[in-house]
Amino acid sequence: MISTGYKKLVVPTIVIIMAIALPFVIKAPYFQHIIIMIFIWATLGTAWNLLGGYAGQVSFGHAAFFGLGAYSAGLLIFHLNVSPWWGLALGPVISMVVAIPIGLVCFRLRGPYFALATLALGEIFRLVFTNWVSLTNGAQGILILNTFSTKIPYYFIAFLIWGISLIIVDRMIKSKLGYYFVSIREDQDAAESLGIPTTRYKMFALLPSAFIAGLVGAFYMNYIAFIDPHVVFSLSDISVMVILVVMMGGVATLLGPSIGAAIYIALSELFRAWLGSANVLAFGIIVCLVILFMPNGIIGELGTLKRLFIRQDKKAMVAGGN
Amino acid sequence: MLKVDNVSVSYGDMQVLWDVTFEVMEGELVALLGANGAGKTTILNTISGLLRPHSGNIYFLGKEITRIPAHRVAELGIAHVPEGRRLFPEMSVKENLEMGSLLPEAKKKRKETMEWVFSLFPILKEKQNQEAGTLSGGQQQMLAIGRGLMALPKLLMLDEPSLGLAPVLVNQVFEIVKEINRRGITVLLVEQNIMHALKMCTRAYVLENGRVTLHGIGTELLNNQHVKEAYLGI
Amino acid sequence: GCGGGTQQGQEAQDVIKIGVILPLTGTEAMFGTMEKNSMEMAYEELKAAGKTTINGKEIKLIFEDDQSRQDAAKAAAEKLINQDKVVMLSGGYSSANTNVIAGTAQSKGIPFLIVTGSADKITKQGWQWVFRGAAAPSSKYTSALWDLFDKQIKPRNVAIIYENTDFGTSSAEAFRNDCKARGIKIVFDQSYEKGAIDFKPMLANMKKANPDVVFAVSYVMDASLIVKQMRELDFNPRLFVGGAAGYTMPEFLENAGSAAEYIASTTLWVPSVTWKGASDYFNKYKEKYGKEPDYHGAQAYATMYIIADALARAKDFTPAGIQKALKETDMMTIMGPIKFEDWEGYTNQDRPTTYVVQWQKGKLEVVWPEEAASGKLVFPVPKWNER
Amino acid sequence: MSFLEVKNIVKNFGGLRAVNDISFTVKQGEILGLIGPNGSGKTTIFNLINGFYPLTSGEIYFQGRRIDGLPPHKICALGIGRTFQVVKPLKRMTVLENVMAGAFLHTTSISKARSKALEVLEFCGLYHRKDMDAKNLTIADRKRLEIARALATEPKLLLLDETAAGLNPKETEEAINIILKIREIGITIIIVEHIMKVIMGISDRILAISFGREIALGTPREVANHPEVIKAYLGEAYA
Amino acid sequence: MSLFLQTIICGILLGAMYALIAIGMTLIMGVMKIINLAHGALVMVGMYITYFCFKEWGIDPYLGMFISMPALFLIGCLIQKYLINRLVEVDSILPENQVLLTVGIMLVLTETMRLIFKSDYRSVVTSYSTKTFFLGDISISIPMTFGFLIAMILTWLLHLFLTRTDLGRSIRATAQDRDAAIYMGVNASRITVITFGIGSALAAAGGSLLLPLFYLWPDIGHLFTAKAFIITILGGMGSTMGAILGGLTLGIAESLGATYISMGYKDVVGLIIFLLVLLFLPGGFRSFTRR
Ligand SMILES: Nc1ncnc2c1ncn2[C@@H]1O[C@H](COP(=O)(O)OP(=O)(O)OP(=O)(O)O)[C@@H](O)[C@H]1O
Ligand SMILES: Nc1ncnc2c1ncn2[C@@H]1O[C@H](COP(=O)(O)OP(=O)(O)OP(=O)(O)O)[C@@H](O)[C@H]1O
Ligand SMILES: [Mg+2]
Ligand SMILES: [Mg+2]
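All values reported here derive from a predicted model rather than from experimental measurement.

1. Quick notes on the overall build of chain A
Alright, step 1. Counting secondary structure elements, chain A contains 16 helices and two strands.
Alright, step 2. For chain A, whose C-alpha radius of gyration is 20 Å, the value lies close to the compact-globule estimate of 20 Å for 322 residues.
Alright, step 3. Taking all 322 residues of chain A together, 63% fall into the buried category.
Alright, step 4. Counted over contacts in chain A with a minimum sequence separation of 6, partners at least 24 positions apart contribute 78%.
Alright, step 5. Here chain A displays about 11,200 Å² of accessible surface, and carbon together with sulfur accounts for 74% of that area.
Alright, step 6. When the 19 positive and 11 negative side-chain charges of chain A are each reduced to one mean point, those points stand 9 Å apart.

Structure, rendered in structure tokens:
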């Protein structure tokens with residue numbers, strides 16, 4: 001028992017030590033920036049994965065939560081002159097609060113209808129934030145000056161947020177919740193008949209997901225230092241891209257979204273720098289290839305870590321059963 | 001007419017059929033029996049071309065059909081009423097039947113065949129404009145058989161046609177199968193209702209764990225000790 | 001922080017690296033491409049004149065695509081500053097991306113010369129490293145128009161329509177405030193989401209309000225649809241003025257066809273302005289790229305000249321040295337005189353020259369200010385059915 | 001107070017009246033058989049009891065508590081489990097995990113859910129399949145999985161919808177044994193089945209319906225000899 | 001009153017334009033259940049082809065349709081055959097990965113067009129582009145009215161095709177149960193290829209008809225995709241007549257919103273109607289026509 005508990009801690013400890021050392025090894029701020037962007041997308045992907053990958057409720061509107069988080073931070077300074085860092089506390093809460101009615105509405109729908117409803121809601125947020133100028137400053141957006149001139153504080157905050165999101169998701173899927181989420185994904189009627197209150201459990205997946213998305217959104221505001229509705233509520237650049245990130249890395253795997261994020265950011269940066277105006281074309285081709293040849297994402301196809309919690313059970317099972 | 005020769009099939013790494021060999025003659029009603037998971041459905045799907053054997057050959061009317069695409073098998077005159085019905089749930093009963101008669105010859109006689117099917121299953125006529133997905137289980141089974149008949153096939157393969165039917169219908173379905181056979185359509189029947197199947201068939205094969213272990217005239221097998229013990233529980 | 005970049009810049013071998021961030025893909029790519037072409041054209045000219053090598057060091061432009069997205073703009077800025085060790089940044093098309101680049105440049109202490117991004121606030125933050133020369137703050141696009149209104153048109157009431165982007169909203173806001181200051185009644189005031197197929201419900205509503213003058217801020221294709229659909233509705237304000245952007249562009253005329261006639265607009269530049277080199281630039285660009293440029297291209301072209309001028313005067317090629325040289329700029333370009341001054345809360349902002357133009361017989365004529373005019377304003381414009 | 005009381009329930013699908021004024025009661029510990037021609041409304045009755053469809057009219061009481069109008073998961077939590085005629089395995093989960101999903105109703109501990117699930121799998125004779133992905137099971141095993149999963153929720157009343165369909169006589173024997181074992185541990189059962197050997201052999205009482213209406217209710221012998229049942233359902237062969 | 005009538009007329013005609021764009025999608029998404037985020041990009045490619053024919057050879061866009069349609073049919077077939085069909089065979093956790101594939105396709109189509117035609121705005125101006133007639137003081141656009149008629153005709157033809165022909169029925173059957181269709185002798189992969197081809201050709205038709213009224217640049221597809229989605233759901237998945245019903249509803253809702261709320265909020269009005277229909281009329285307007 002002690003030895004397995006000890007072993008369990010080895011890998012995370014190594015990761016944490018490496019992560020702390022990293023910005024002192026990779027000193028170039030540009031690469032630090034890229035790593036921060038990877039953390040941002042990894043966190044957002046992890047959030048989406050909880051709802052979309054595990055619970056099977058594919059949301060095309062996660063930009064709404066991301067954007068709400070970002071605007072919570074932005075509006076604090078814009079209207080109240082309060083440090084946008086408080087957005088890290090406020091943003092997730094607001095996202096979560098807004099997620100409740102969204103969930104109540106959308107969870108009445110299933111499959112593609114759910115996806116389309118979230119898509120519509122995401123767009124409604126973008127339009128309202130664009131047009132409600134007195135509250136949001138409309139399309140002019142909110143501009144702040146970065147708090148820190150070096151990347152290192154941002155790096156650690158992003159790392160922390162990512163870590164928190166992984167821990168939240170990991171804890172959830174390794175508990176009863178995880179089984180319930182996957183049951184709902186696999187067959188909602190069967191789940192209902194097994195006494196699973198599906199709407200409530202979908203909500204249990206949505207709320208943390210919105211929380212994390214709001215958190216990372218608030219961080220985004222602080223880091224990028226400018227937001228407007230068109231960007232943070234974007235359908236194509238946020239809502240769809242986050243699904244792509246998760247699918248590239250591996251749906252319903254703990255680390256898939258993070259791997260997807262690393263690939264997405266690294267590839268799009270490389271392409272942007274090398275390929276000039278053909279960069280988006282190249283990215284599109286890669287997207288097609290990944291989905292065709294790795295339909296369950298990189299981790300999913302590797303098969304080793306596939307549906308992490310399930311495999312672990314099995315190992316434990318064999319040990320316990322014999 | 002149909003010859004399955006030393007066929008072996010696997011799902012991934014798991015082999016489920018081992019050198020299965022059997023034959024169906026023109027005009028016969030051959031039953032394929034076996035426990036759950038013995039591989040009966042797998043054989044039918046292999047004949048239909050949905051699965052590829054890794055060894056062995058299948059011949060139909062003297063022609064090798066082992067590796068031709070699935071939709072071409074249907075064109076040669078093999079109709080398959082699959083396990084689990086596999087109807088088109090959002091199409092009406094009538095449209096489902098029409099889907100059964102896509103091939104040119106069947107299409108020519110579509111009207112008459114449909115009348116015939118309706119006379120066999122009057123409930124289908126009544127519900128002809130209802131979506132197939134909202135039929136009850138038994139009604140769906142009738143529709144599936146009806147759809148198979150619409151092709152006016154040379155060989156009709158039925159996978160557990162009595163599954164989920166009320167007793168009155170079970171008898172009726174078997175009567176219909178006999179009737180179909182009497183009209184000159186060769187039938188390959190997979191059935192769990194062993195007593196019934198053995199009584200009506202010309203010959204039968206017993207499949208156990210992916211291998212053919214017994215075959216013979218239906219009524220003879222009915223008296224076979226092994227069959228009695230293993231399947232009839234007598 | 002910023003120290004690293006500076007030192008690297010000093011010991012740079014024999015090139016002066018300038019980073020230029022423009023949208024080369026995505027929704028704004030059309031303008032980004034035009035601006036890149038114009039800058040390259042200006043560079044060629046400067047090179048031919050031997051002005052791209054200063055003290056043995058050659059100016060090198062590094063273009064980066066911001067994909068019309070601001071996180072990409074941020075990444076591009078980071079890369080240029082930290083990887084490529086540029087000593088100066090330029091570019092910025094949309095206000096959103098310009099904001100992000102400006103913020104990054106300011107916190108890193110790298111001079112940033114804006115090409116187009118026009119949101120007022122960018123140069124209103126007191127940011128010493130951010131310069132806006134060839135581009136005007138969006139609220140100042142209408143300076144000449146107000147002059148014209150005050151002196152000649154004296155409208156009693158106006159209608160405002162604008163796209164709900166940064167540029168549209170801030171232009172409309174400035175215009176609205178100016179109206180209020182003069183007691184002009186605003187009878188209709190609405191924004192729209194760009195990319196609509198049908199503007200008629202809005203236009204029909206506006207027609208009912210019966211304004212003297214319509215002021216519209218639109219991108220090019222919306223602009224042409226709006227005027228065409230005005231004709232379809234037989235809606236006849238006495239004057240229709242666009243707030244720069246769409247209403248002056250060649251594509252506007254091409255698409256709106258005869259409906260463009262008598263449409264007026266404010267603008268920062270037209271090929272027929274009297275500044276030296278303006279028509280040369282226009283003709284040369286058209287010849288080289290087979291397409292007419294508009295004021296965006298001219299901004300980029302002028303910006304390249306401003307950069308070369310500042311570098312030629314810079315004591316050293318450190319960011320600080322360049323910042324100082326930029327601050328002391330006093331030169332003529334095809335966009336008019338350029339000086340970076342602090343005024344009305346702006347920092348390092350050139351005082352723009354604006355014009356009112358009107359489409360007449362398929363050509364853009366400058367109608368205001370009078371000293372630059374190439375034609376006479378037609379006002380009130382004839383009704384659609386009288387043309 | 002009866003264990004389950006169904007009072008005058010009606011269900012319309014558009015113009016079709018699938019269940020027409022059915023009433024019956026179930027006593028604790030009994031097995032009630034439900035028979036009727038295909039499409040007579042048996043599955044619909046299950047869907048009404050377990051809350052999948054809202055009633056058009058009527059009332060349903062379970063242990064004295066009115067349950068119509070409650071969502072399916074609440075009804076399950078009250079102690080009514082069911083299987084589906086068209087099986088609904090949780091495909092990308094293993095057999096064990098499928099059953100655990102049911103077992104979690106009464107625990108949040110993974111190890112408790114696991115041991116409960118293993119116990120149920122043993123009981124239903126599915127233990128040897130526990131690590132197989134549910135999507136790879138044969139039909140018969142899927143039906144068994146349906147039962148196991150429902151049992152894992154520890155129901156007081158179990159609704160079995162054609163769980164013996166597609167089984168050969170030998171396997172049917174096994175299925176009967178499982179059902180009887182379920183009854184032995186004190187679970188009340190309503191069973192829908194077309195195989196007479198099963199339904200007649202194990203039911204205490206049988207309710208026969210046709211076109212959504214009751215045509216007979218009584219002991220198996222009474223129902224089997226009821227002329228209307230013979231006409232509508234059994235056919236002359238059974239007479 | 002006349003403002004109201006003008007708004008309604010505008011809404012109907014706008015709705016017809018939307019319907020034109022959405023007809024292809026009712027086939028691809030409604031019938032085949034492929035959520036195709038590249039739909040707008042296909043419309044866009046169709047428009048570019050029409051534009052090219054006009055610019056190079058002076059072919060009127062209404063005739064250019066007869067070039068863009070076969071061209072898009074071909075492109076659609078290739079996409080289905082070499083991309084989407086390959087996904088059918090793999091087993092993935094979320095069926096939505098097919099959606100992402102279409103995102104990739106959308107990017108590729110858009111950027112390819114950008115490389116060929118640059119990002120410039122293009123438009124085709126014809127003699128009839130802005131022709132109108134007046135009923136009282138209500139203005140009615142002639143090319144839009146024409147588009148309205150074509151939309152009706154195309155929808156009706158598509159409906160007949162799907163319900164009255166074996167090919168049409170095979171398309172629906174394949175969408176509902178691929179293996180079962182194969183049992184019936186349907187060459188399922190060819191059917192899906194043809195279907196996607198027809199859907200793309202219809203998208204091209206919509207694009208060609210819209211071109212004289214509208215304009216064109218590589219990113220225009222996003223706009224169309226969003227509208228087509230809403231319409232397909234409004235009309236009811238799988239219902240061909242739904243394209244018209246959904247298009248008209250959306251058009252009228254947006255126009256009313258633009259007149260009586262604000263042009264900036266017109267899309268919000270459309271989206272809210274969309275949500276309401278999703279929630280309260282799960283089958284879309286098809287629920288009305290069925291019972
Ligand atoms: N898609 C599949 N993937 C993997 N294994 C499969 C698959 N389908 C069937 N099998 C396995 O192949 C074996 C034979 O199955 P098959 O369905 O042919 O049996 P059957 O005789 O038709 O049984 P039943 O009477 O239950 O219909 C079984 O062990 C089954 O688990
Ligand atoms: N969701 C639905 N919508 C419309 N009609 C339905 C629906 N579900 C069932 N029906 C109809 O209700 C009737 C009763 O169906 P039900 O499934 O309850 O029959 P059943 O008695 O279970 O039959 P079987 O023994 O064949 O399973 C049938 O006529 C069926 O067509
Ligand atoms: Mg089988
Ligand atoms: Mg039933």
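2. Re the coordination of the magnesium ion (ligand 3)
Metal coordination angles have textbook ideals: 109.5 degrees for a tetrahedral set of four donors and 90 or 180 degrees for an octahedral set of six.
Residue and element names in this part refer to chain B.
Alright, step 1. Coordination of the magnesium ion (ligand 3) by the protein comes from T41 (OG1) and E83 (OE), over a distance range of 1.8 to 2.2 Å. Here T41, found in helix α1 (residues 40–48), pairs with E83, found in the loop between β6 (78–81) and α3 (93–100); they are 42 residues apart in sequence, far enough to count as distant.
Alright, step 2. A relative accessible area of 21% places T41 in the partly exposed class.
Alright, step 3. On the accessibility criterion, E83 (25% relative accessible area) is partly exposed.

3. Regarding helix α10 (residues 198–224) of chain A
Residue and element names in this part refer to chain A.
Alright, step 1. Between its first and last C-alpha, α10 extends 38 Å over 27 residues, near the 39 Å set by a 1.5 Å rise per residue.
Alright, step 2. When you tally the buried positions in α10, you get 22 out of 27 residues, the bulk of the element.
Alright, step 3. A225 lies just past α10 and shows a positive phi near 75°.

4. Looking at the coordination of the magnesium ion (ligand 4)
Residue and element names in this part refer to chain D.
Alright, step 1. Taken together, the protein donors to the magnesium ion (ligand 4) comprise T43 (OG1) and Q85 (OE1), at separations of 1.9 to 2.1 Å. Of this pair, T43 sits in helix α1 (residues 42–49) while Q85 is found in the loop between β6 (80–82) and α3 (95–103), placing the two residues 42 residues apart along the sequence.
Alright, step 2. For T43, a relative accessible area of 24% gives the class partly exposed.
Alright, step 3. Judged by its relative accessible area of 19%, Q85 falls in the buried class.

What counts as what
Residues numbered from 1 in each chain as written. Chains lettered and ligands numbered in written order. Predicted model: local features only at pLDDT ≥ 70, side-chain atom pairs only at ≥ 80, totals over all residues. Heavy atoms only, no water. Helix = DSSP H or I, 4+ residues; strand = E, 2+ residues; numbered from the N terminus. Rg over C-alpha atoms; globule rule 2.2 N^0.38 Å. Buried < 20%, exposed > 50% of the residue type's maximum accessible area, 1.4 Å probe, protein only. Contact = heavy atoms within 4.5 Å. Areas by Shrake-Rupley, 256 points an atom, 1.4 Å probe, with all protein chains shown as cover. Lys, Arg positive; Asp, Glu negative; His and termini not counted. Charge placed at Lys NZ, Arg CZ, Asp CG, Glu CD. Donors = N, O, S within 2.8 Å, 3.2 Å for Na, K, Ca; no water. Expected span 1.5 Å × (residues − 1).

Interpretation note: all reported values are geometric properties and have no functional meaning in isolation.
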